[in-house]
Amino acid sequence: MNKKSNTNMQKEESIIMVGCFDTKGEDFGFLYGCLIGLGVKVITINTGVLGSTDLFPVNFEAMEVALSGGSTLTDLRENKDRGRAIEVMGNGAATIVEDLFKMKKANGIIGMGGGGGTFIVLKAMQTLPFGFPKICISTLATKDLSIHVGIKDITLIPSVVDVAGLNSISKVVMRQGAGAIVGMMQVSRSTDERQSKSIAISVFGNTTLCVDKCSKFLRDLDYEVMAFHSVGVGGRTMEGLTMDGCIDAILDITTTELADELCGGICSAGPDRLTAAAKIGIPQIVVPGCMDMVNFGPLETVPEKYRDRQLFSWAPDVTLMRTNGEENRILGKTIAEKINKSKAPVTILLPLGGLSKIGGPGEVFHAPAIDQELFISLKSHANKNIKILEVNSNINTESFAAQAVKSLMEILNH
């Protein structure tokens, strides 16, 4: 760390500025001046492997960033592998940013970049929780950066012109970016502090009736309800906010994303789905909602190996595949292994009348024998301290919703 700039490392009113100071030093020098002019302290992180700048103090030089990312600056320069350099510097910046956050050294973060620089900045921001102000000024801001932004509340600002030297356009964008991050930082979250407990609930088209009833019951009991659509990003967001401490309990009505993860469907939330509550120790109700289906796109996109399976067109762009006995046995074991690690009370509810709207009696996916494969697997693999309750109704009935909320209240008051 640059010792002469340690005055920038105070706890109050500090903003992290991250980017490639080697090729974009002039741009970052202007942004630095804008931030200082707004009365905040700035912690600077240089992710440029070619050099640095003397236009402003640098707290973390590229050498330290590279080491934090698992390499050396010399190695990155000698190998001249741009992709690896971006990965290493992104990981290194993320490590440093996470440490600064844990030490409560900063109140916000801003970065700028073109192609590679943007990816480094976004990587650095991934370690920060919801509500921590994050702004990235980027030449790629108008493109689809969803993979790199992920579930984080990152504000993207189009640079309009390239981040490659100052001009009358870039100066306006940077002034406004500086004003935006300072404004976001100064807005206290205290005005939005929760007066009641927050309950996360997972929903899908085929469980909407149940979730609507559960949400009403919970709001009538003065709980805050946060609904997450189980289409992949919804499940990942729910898990992420749970890890960030934004949620007090989970009513996981719709765990269908696990079926998509198993079979390669389009709504997978990844391998970490159904793990956050167990890790941090908050109560959860787990329901195998919509685990009678896997989601694919239009019929022609269904993998060849599944073409002879029971398929149903839910919408022109959505084809559902009925899960079979073998898949349900695997899914039952998967759910049990995940929730067995929980540090808090867990109750599993099994809707004997069907796992979805189209899984009910007389509906296209109604197959009680297959559902039983899932139930038996869950029972055989779940720890004895996990309560399993069979409900003799379809998941979308009012009686099932009432039981789900009742079970949640029981473990919340445990």
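Each remark here, short or long, concerns the structure printed above.
Residues numbered from 1 in each chain as written. Predicted model: local features only at pLDDT ≥ 70, side-chain atom pairs only at ≥ 80, totals over all residues. Heavy atoms only, no water.

1. Describing the packing of aromatic side chains
Then comes step 1: Going through the model one piece at a time under the given rule, you end up with six aromatic pairs.
Then comes step 2: On the numbers, 5.6 Å between centres and 85° between planes, the contact of F101 with F132 is edge-to-face. Taken as a pair, F101 in helix α4 (residues 82-102) and F132 in the loop between α5 (115-125) and β4 (134-138) lie far apart in primary sequence, 31 residues in all.
Then comes step 3: By relative accessible area, which is 8% here, F132 ends up buried.
Then comes step 4: Plain terms: the ring middles of F296 and Y306 are 5.7 Å apart, the flat faces sit at 40° to each other, and that makes the pair tilted. Here Y306 lies in the loop between β10 (293-296) and β11 (311-315) and F296 lies in strand β10, a separation of 10 residues in the sequence.
Then comes step 5: Exposure remark for Y306: the relative accessible area of 8% places this residue in the buried category. (Phe/Tyr/Trp six-rings, centres within 6.5 Å; stacked < 30°, edge-to-face > 60°. Helix = DSSP H or I, 4+ residues; strand = E, 2+ residues; numbered from the N terminus. Buried < 20%, exposed > 50% of the residue type's maximum accessible area, 1.4 Å probe, protein only.)

2. Some details on the pattern of salt bridges
Then comes step 1: Following the criterion strictly, the structure yields 14 salt bridges and no others.
Then comes step 2: Of the charged contacts, one joins R273 and D252 as a salt bridge, the two residues approaching to 2.8 Å between their closest N and O atoms. Placement of R273 in the loop between α10 (257-263) and α11 (276-280) and of D252 in strand β8 (residues 249-252) is noted, with a sequence separation of 21 residues between them.
Then comes step 3: Judged by its relative accessible area of 1%, R273 is buried.
Then comes step 4: A relative accessible area of 1% places D252 in the buried class. (Salt bridge = Lys/Arg side-chain N within 4 Å of Asp/Glu carboxyl O.)

3. A word on the sheet that holds strand β7 (residues 224-229)
Then comes step 1: Taken in spatial order, the six strands line up as β7-β6-β8-β9-β13-β14 in an open sheet, and their pairing is parallel. Edge positions in the open sheet fall to β7 and β14 (387-391), since each of these has one partner strand only. Between one strand axis and the next, the sheet turns through 20° on average, direction left out of account.
Then comes step 2: Bridge analysis of strand β13 (residues 346-351) against β14 gives five bridges, and the strand direction is parallel. Counterpart to L350 in the pairing with β14 is E390.
Then comes step 3: Contacts between helix α9 (residues 233-243) and the sheet are confined to β6 (198-203), β7 and β8, with β7 contributing the most and set at about 140° to the helix. (Pairing = 2+ DSSP bridges. Axes fitted to C-alpha atoms, helices over the stretch in contact; angles between N-to-C directions. Contact = heavy atoms within 4.5 Å.)

4. Comments concerning the sheet that holds strand β3 (residues 108-113)
Then comes step 1: If you trace the five strands from one edge of the open sheet to the other, you get β2-β1-β3-β4-β5, paired in parallel fashion. Each having just a single partner strand, β2 (41-46) and β5 (155-158) make up the two edges of the open sheet. Across the sheet, the mean angle separating the axes of adjacent strands is 20° when strand polarity is ignored.
Then comes step 2: Where strand β1 (residues 14-19) meets β2, six bridges bridge the pair, whose relative direction is parallel. When the bridges of β2 are listed, S14 appears paired with K41.
Then comes step 3: Contacts from helix α1 (residues 25-37) reach β1, β2 and β3 within the one sheet, and its direction differs from that of β1 by about 175°.
Then comes step 4: Of the strands in this sheet, β1, β3, β4 and β5 are in contact with helix α7 (residues 168-186), which crosses β4 at around 170°.

Read these as geometric descriptors, not functional statements.
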